[in-house]
Amino acid sequence: MSIKELHPDLLKTKQHFEILDGLRGIAAISIVVFHFMEMVYLPDKNFIAHGFLAVDFFFCLSGFVIGYAYDDRIGKMGLGQFFKSRLIRLQPLVILGSVLGLLAFLFDPFGGHPEVYSAGKIILIFLASVFMIPFPVIEERSFNLFGINAPAWSLFWEYVANIVYALVLCRIHRRYLVVLTIIAAGVLCYASHRAGGSLLGGWGGPNAWDGGARIFYSFLAGLLIFRFNLIIKNKLGFIGLSVLLLLAFLIPYSKWNWVTEPLVVLLYFPLLLALGAGATLTQGFKKLCVFSGKISYPLYMTHYAFIWMFLNYYTSHKPETGQLTLIIITGTILLTCIAYFVMVAFDIPVRKYLTNKRKPA
C-alpha cells in the first residue's frame, strides 16, 4: 500500500491492529519486570536480561503506527495540527510521570538523599523533566537524562522522531527511506560496537546519543514496513506472537550480545511487527489486546518512581530471594492497577478535554 493509494477519509474506517496493541502491553510489562530485576541482579543473573529491548520494539511500532495514521492526512492537517495531536497524546503522562517522580524523590520512605540538592536545583530537575530537556545531574541515579522519571529518555527521542517525520520523512519517496534505513542500521551497529557490544544505552548522560541510534533505525524500519505493505498473513495469533516477543527479552546475557542484540533489533522485531500486523485475532482475545495496548503507555510512564523506592528498600532491608520474588510479582500487578487508574482518571479525561478544546467552533 503506497501513500497515493490511501484516501484522506480512510482513517475513520481503517483496520485497527489489536494484536499490535496487545504486544505493546506485553513489552511494557516486560520492561517493568526488567527494571525490578536490574536493580537487584547483575545481567548474567537476570532472567529477563534483554527486557530493555522492549524500547526498540516500541520505536518500531511507533514508526509503523505514525505512518499508518498520518501519511495520508498530514498534508491536509498541517504541521501545527500534527504536533498538537502528538502533544495531546504524549505530554499529559510526561507531566504526570514527572510529578510522581518528584514526589518519590522527595518523600521516599526507604531512603534517598534529596537534601543534598538545593530547592532551586530540584525545581530545575522537575521543569527539565516536564519540558523534556535532558538534565543528567543526579549522580546516585547514574546521571539519567531525566533523573526523576528515567523512562522519559525514550519519549525525548520519540518527540525528535515525530519532528523529523513531520518535516522530512512524510515527504520522501520510499526508495530514499530504504537508503536511510540501511544507513541507520550501520549507525546502530556502530553504537553497539562503541558501547562494548550492547544496545543498553540512551538513558544517561554518557550514552545519550545511543538513544538516537536506536530510534533512528527502529522508527524507520516500522515506517518502511507500512510504506511497502510488508505485512505477513499468518495464524500465530496473540498468544503465539506474545511468546515470540518474550523470547527476545529472555535471551541470556552472554559474550554474544554484540551479535544477538543487533540481530533482534535489525531483523527480529521488524519481522514480529510484520507478523503482528498480519495475524488473525480471535474474538476472545480482542478485549485483552485492546486493554493491554491502552495500559501500556500509562504503565511505562508511571512505574519508575516506584522502582527507585524498590531499590532503596532492597538496599536497606536486604530481602531474600523468596521475598524478592513476591515483591516483584506483587509490585508488577500493583503498578498495572495504578496505571489503569491513571488511564481512567487522568490520561483519557485530559486528552479528551484537550482534543475538544482544539476543535474549531
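Preceding this section is the structure that the text describes.
Predicted model only: the values in this text are computed from it and were never measured.

Looking at the overall build of the chain
Step number 1: Looking only at helices and strands, the chain features 12 helices and zero strands.
Step number 2: When the elements of the chain are put in sequence order from the N terminus, they spell out α-α-α-α-α-α-α-α-α-α-α-α.
Step number 3: Counting only C-alpha atoms, the chain reaches 60 × 50 × 45 Å along its principal axes.
Step number 4: Burial statistics for the chain: of 361 residues in total, 52% are counted as buried.
Step number 5: The long-range fraction of contacts in the chain, counting pairs at least 24 apart against all pairs at least 6 apart in sequence, stands at 80%.
Step number 6: Accessible surface computed for the chain: about 17200 Å², of which carbon and sulfur atoms make up 69%.

Overview of helix α4 (residues 119–130)
Step number 1: Across its 12 residues, α4 extends 17 Å between first and last C-alpha, which sits within 8% of the 16 Å expected from 1.5 Å per residue.
Step number 2: Here α4 has its buried residues at Ile122, Ile125, Ala128, Ser129 and Val130.
Step number 3: Looking at the buried residues of α4, the elements they touch are α3 (74–107).
Step number 4: Met132, located one to two residues past α4, shows a positive phi value of around 60°.

Quick word on the packing of aromatic side chains
Step number 1: Evaluated as defined, the whole model comprises 24 aromatic pairs.
Step number 2: Measuring from ring centre to ring centre gives 5.8 Å for Phe82 and Tyr165, while their planes differ by 40°; the resulting arrangement is tilted. Taken as a pair, Phe82 in helix α3 and Tyr165 in helix α5 (residues 152–169) lie far apart in primary sequence, 83 residues in all.
Step number 3: Among the residues examined, Tyr165 registers a relative accessible area of 0% and is labelled buried.
Step number 4: Put simply, the rings of Phe17, Phe64, Tyr68 and Phe226 pair up and form one aromatic cluster.
Step number 5: The ring of Tyr176 is capped by Arg175, whose NZ or CZ atom sits 5.8 Å from the centre of that ring.
Step number 6: The residue whose ring lies beneath Lys318 is Tyr314, and the NZ or CZ to ring-centre distance is 5.6 Å.

Describing the nonpolar core
One broad trend across soluble globular proteins is that nonpolar side chains are buried collectively.
Step number 1: Membership of the largest hydrophobic core comes to 98 residues, with the highest contact counts inside it found for Tyr165, Leu245, Phe249 and Phe269.
Step number 2: Contacts of Phe249, omitting those with residues within four sequence positions, involve Ala27, Ser30, Phe47, Ile48, Ala49, His50, Gly51, Leu53, Ala54 and Phe269.
Step number 3: Counting residues in hydrophobic clusters, the runner-up holds seven residues, among them Tyr117, Ile125, Ile138 and Ile148.

What counts and how
- Residues numbered from 1 in each chain as written.
- Predicted model: local features only at pLDDT ≥ 70, side-chain atom pairs only at ≥ 80, totals over all residues.
- Heavy atoms only, no water.
- Helix = DSSP H or I, 4+ residues; strand = E, 2+ residues; numbered from the N terminus.
- Buried < 20%, exposed > 50% of the residue type's maximum accessible area, 1.4 Å probe, protein only.
- Contact = heavy atoms within 4.5 Å.
- Areas by Shrake-Rupley, 256 points an atom, 1.4 Å probe, with all protein chains shown as cover.
- Expected span 1.5 Å × (residues − 1).
- Phe/Tyr/Trp six-rings, centres within 6.5 Å; stacked < 30°, edge-to-face > 60°.
- Lys NZ or Arg CZ within 6 Å of the ring centre and 35° of its normal.
- Core = buried A, V, L, I, M, F, W, Y, C linked by side-chain atoms within 4.5 Å.

Limitation: the analysis is restricted to geometry and does not speak to function.
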